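# Report on the structure
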Amino acid sequence: MSILETAIALRRSGEEEFHGFAIAKAIKEHGETRALTAHGTLYKALGRMEKAGLLESRWEDALAAAADNRPRRRLYHVTGLGERAYSAATTREHQPKTTLEEGLAPS
Amino acid sequence: MSGQSFSGVAQLTRAWASVYTRGIPGQQRERRRAEIDSDLWEQSHHDREAGRPAFATSFEIVLRLLLGIPADLSWRLEQVSPKRSASRFYEGSRTMLQTASRNAVPILIGLLAAVFVASAFGVGLTGDMSTGARAFWGTVVGIAGLLLFAGLLELKRRPTAASIAIGAGAILGAAATFWTILTPVAALVILVWLLRGSRQRRVPATA
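Residues numbered from 1 in each chain as written. Chains lettered and ligands numbered in written order. Predicted model: local features only at pLDDT ≥ 70, side-chain atom pairs only at ≥ 80, totals over all residues. Heavy atoms only, no water.

## Some remarks on the overall build of chain B
Counting secondary structure elements, chain B contains seven helices and zero strands. Counting from the amino terminus, chain B carries its helices and strands in the arrangement α-α-α-α-α-α-α. Put simply, 66% of the contacts in chain B that link residues at least 6 apart link residues at least 24 apart. On chain B, roughly 11700 Å² of surface is accessible, and the fraction owed to carbon and sulfur atoms is 68%. (Helix = DSSP H or I, 4+ residues; strand = E, 2+ residues; numbered from the N terminus. Contact = heavy atoms within 4.5 Å. Areas by Shrake-Rupley, 256 points an atom, 1.4 Å probe, with all protein chains shown as cover.)

## Comments concerning the nonpolar core
Within the largest apolar cluster, 36 residues are counted, with the highest numbers of intra-cluster contacts made by Ile3, Phe18, Ile23, Leu42, Leu46 and Leu55 of chain A. Elements that contribute at least two residues to this core include exactly α1 (3-12), α2 (20-29), α3 (39-51) and β2 (74-78) of chain A together with α1 (2-20), α2 (26-49) and α3 (54-80) of chain B. The contact partners of Leu46 of chain A, leaving out residues within four places of it in the chain, are Ile3, Phe18, Gly20, Leu55 and Tyr76 of chain A. Counting 18 residues, the second largest nonpolar core, distinct from the first, contains Leu148, Ala170, Ala176 and Leu194 of chain B. (Core = buried A, V, L, I, M, F, W, Y, C linked by side-chain atoms within 4.5 Å. Buried < 20%, exposed > 50% of the residue type's maximum accessible area, 1.4 Å probe, protein only.)

## What about the pattern of salt bridges?
When the charged atoms of two side chains with opposite charge come close together, those side chains can pair. Under the defined criterion, the tally for this structure stands at 19 salt bridges over all chains. With its nearest N and O atoms 3.4 Å apart, the salt bridge here joins Glu83 of chain A to Arg11 of chain A. Here the residue Glu83 of chain A occupies a position in helix α5 (residues 80-94), and Arg11 of chain A occupies one in helix α1, the gap between them amounting to 72 residues. The class of Arg11 of chain A is partly exposed, set by a relative accessible area of 26%. Notably, a salt bridge pairs Arg73 of chain A with Glu42 of chain B, separated by 2.6 Å at the nearest N-O pair. One end of the pair, Arg73 of chain A, is in the loop between α4 (62-68) and β2; the other, Glu42 of chain B, is in helix α2, on a second chain. Classification of Glu42 of chain B as buried rests on a relative accessible area of 5%. Within this structure, Lys28 of chain A together with Asp47, Arg52 and Glu60 of chain B form a network of salt bridges that share partners. (Salt bridge = Lys/Arg side-chain N within 4 Å of Asp/Glu carboxyl O.)

## Let's talk about the side chain of Arg74 of chain A
As for its position among the elements, Arg74 of chain A is in strand β2. For Arg74 of chain A, which is buried and forms no salt bridge, the nearest opposite charge comes from Glu50 of chain A, at a distance of 4.1 Å. In terms of polar contacts, Arg74 of chain A uses its side chain to reach the side chain of Ser57 of chain A, at 2.8 Å. Ignoring sequence-local partners within four residues, the contact set of Arg74 of chain A consists of Phe18, His19, Gly20, Glu50, Ser57, Arg58 and Trp59 of chain A together with Arg31 and Glu35 of chain B. (Lys, Arg positive; Asp, Glu negative; His and termini not counted. Polar contact = N/O pair within 3.5 Å; in protein donor to acceptor, adjacent residues only side chain to side chain.)

## Points about the packing of aromatic side chains
Residue and element names in this part refer to chain B. Tallying each qualifying case throughout the model produces four aromatic pairs over all chains. Between Tyr20 and Trp75 the ring centres are 6.0 Å apart and the planes differ by 90°, which places this aromatic pair in the edge-to-face class. Taken together, the positions of Tyr20 in helix α1 and Trp75 in helix α3 put the pair 55 residues apart, joining distant regions of the chain. Given the relative accessible area of 1%, Tyr20 is considered buried. Where Phe136 meets Trp137, the ring centres are 5.0 Å apart and the plane angle is 75°; that geometry is what we call edge-to-face. The class of Phe136 is partly exposed, set by a relative accessible area of 48%. For Trp137, a relative accessible area of 33% corresponds to the partly exposed category. Three or more aromatic residues joined by ring pairs make a cluster, and in this case those are Trp16, Tyr20 and Trp75. (Phe/Tyr/Trp six-rings, centres within 6.5 Å; stacked < 30°, edge-to-face > 60°.)

Pasting the structure below:
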């Protein structure tokens with residue numbers, strides 16, 4: 001399960017925003033991987049997706065973090081472009097193969 | 001040891017983040033470091049709430065750190081190289097190397113400890129030794145790894161005791177795995193570093 005797919009699943013379950021560890025945990029819980037995504041892989045991917053306009057992010061309110069006595073979270077959310085890109089990708093995935101593609105497929 | 005093992009791996013993760021973000025423009029650097037810091041806190045908090053043993057959390061963090069190194073380095077290249085002048089790239093790489101060389105031996109100690117602990121389990125799996133020999137060598141190498149880890153964690157608070165633990169761990173581990181050549185060389189580097197450190201501690205600063 002990809003970051004985008006997991007983020008959309010979280011959004012549909014009512015979690016509009018997520019932080020890095022939350023998405024790593026969700027990916028693990030959805031059963032795609034047995035371990036949490038590596039720090040480097042995760043934050044590099046999130047950064048790239050943000051650059052591509054699929055995600056947006058902001059620092060959470062410092063007071064909220066201070067109240068819980070923890071470091072501030074960087075909160076991400078899926079943009080409209082991210083939703084559309086995911087829908088387009090899933091539609092393509094579920095589209096029946098064209099006659100040409102079937103003809104080119106190895107038998 | 002459980003809480004200490006977590007704080008040790010958290011420190012190692014932060015140290016690595018400070019190495020590969022060195023020389024990167026302020027905002028990007030601070031963001032990555034803060035995100036790693038937050039992630040470490042969230043994972044330890046989540047695992048504690050779930051009643052997961054601290055060593056399991058520490059092990060998973062080390063795994064996340066090690067598996068992410070290639071992505072960290074390529075992210076660094078992306079941050080430093082595109083649309084930047086050659087001199088800026090050179091400057092960024094130089095500062096990263098300086099930080100890495102300052103932390104090189106502690107990182108080496110951490111890696112050697114991880115190798116020894118992993119080997120302790122690996123020895124138990126090899127079939128070319130008797131059960132008794134496997135248990136003996138597995139224990140020796142495991143103790144060496146734990147001495148290195150313990151020394152690394154206590155290096156700032158109790159430098160003399162920590163240096164003795166690291167030295168003992170390096171010698172013990174190197175003696176048990178001398179045929180690899182690499183571990184005796186690494187142990188030698190660590191011992192020279194420890195000796196230089198103890199000499200510097202004995203000579204008071206006069207400036």
